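Remarks on the overall topology
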Amino acid sequence: MKTNMEDIDKLIKETLTEEEAKFYDELDEQNLFQMLGGLFKGKNSWVALIMNVMNALVFGLLIYCIIQTFDVENTNDLILWVGGVLLCFLTMSMLKIYMWMQIHRNALMRELKRLELQISSLSGKMNE
């Protein structure tokens, strides 16, 4: 399977111009750190920055709630602080899920662009 993919990639690169081939190489698979870095590029990079700042603030609040949980003597206060801990965990989880969904969306868009480029290159080759 790997050789078939390499053959297809070679065929596509032969039909592309030099600029299109460079663009095609940039659309290749990314590792985890490149995907995380991709969140901070583009139009919605400010959203990712705000989400990370909020996540850090909620983490600080989580630590505060955990410390307060061990210092209370009243059961009602203990229930409130544990509720705060659970709310912080829930908030942090939702923020992280949103960020992972954005990573997935970026990967999907990259694959769609690769497919568009492949289709246009192969249709150009068929017209010749």
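To be clear, the structure that these remarks concern was listed above.
Our subject in this report is the structure included herewith. Each chain carries its own residue numbering, running from 1 in the written order of its sequence. Residue-level local features of this predicted model are given only where pLDDT is at least 70; pairs of side-chain atoms are given and counted only at 80 or more, and the full residue set underlies all totals for whole chains, interfaces and linings. Water and hydrogen atoms play no part in the side-chain values, which are based on all heavy atoms of the structure.

**As for the overall build of the protein**
- What the protein contains, in helices and strands, is five helices and zero strands.
- Secondary structure elements in the protein, listed N-terminal to C-terminal, are α-α-α-α-α.
- Note on contacts: a residue pair qualifies if any of its non-hydrogen atoms lie within 4.5 Å across the two residues. Within the protein, contacts between residues separated by at least 24 positions form 68% of all contacts whose residues are at least 6 apart in sequence.
- Throughout, the Shrake-Rupley method with a 1.4 Å probe supplies accessible areas, and for residues the shown protein chains are the sole cover considered. Within the structure as shown, the protein displays about 9,900 Å² of accessible surface, and the carbon and sulfur contribution to it stands at 65%. Helix numbers and strand numbers start at the N terminus; a helix is a DSSP run of H or I with at least 4 residues, a strand a run of E with at least 2.

**Some points on a nonpolar patch on the surface**
- Taken together, Phe40, Trp46, Leu49, Ile50, Val53, Met54 and Leu57 make up a surface patch of nonpolar side chains, about 720 Å² in accessible area.
- By the element assignment, Leu57 lies in helix H4 (residues 45-71). Only residues whose relative accessible area exceeds 30% and that form no salt bridge enter a patch; like-charged residues are grouped when within 9 Å of one another, and nonpolar side chains (Val, Leu, Ile, Met, Phe, Trp, Tyr) when within 5 Å. Basic side-chain nitrogens of Lys or Arg form a salt bridge, by our definition, when they fall within 4 Å of a carboxyl oxygen of Asp or Glu.

**So, the nonpolar core**
- Buried Ala, Val, Leu, Ile, Met, Phe, Trp, Tyr and Cys residues that are joined via side-chain atoms within 4.5 Å together make up what is termed a nonpolar core. Whether a residue is buried, partly exposed or exposed follows from its accessible area with a 1.4 Å probe, protein chains only, as a fraction of its type maximum: under 20%, in between, or over 50%, in that order. Core analysis: the biggest nonpolar cluster contains seven residues, these being Leu39, Val47, Ala48, Met51, Leu95, Met99 and Ile103.
- Looking at this core, the elements with two or more residues in it are H4 and helix H5 (75-127).
- Membership of the second largest hydrophobic core comes to six residues, among which are Val58, Leu62, Cys65 and Met92.

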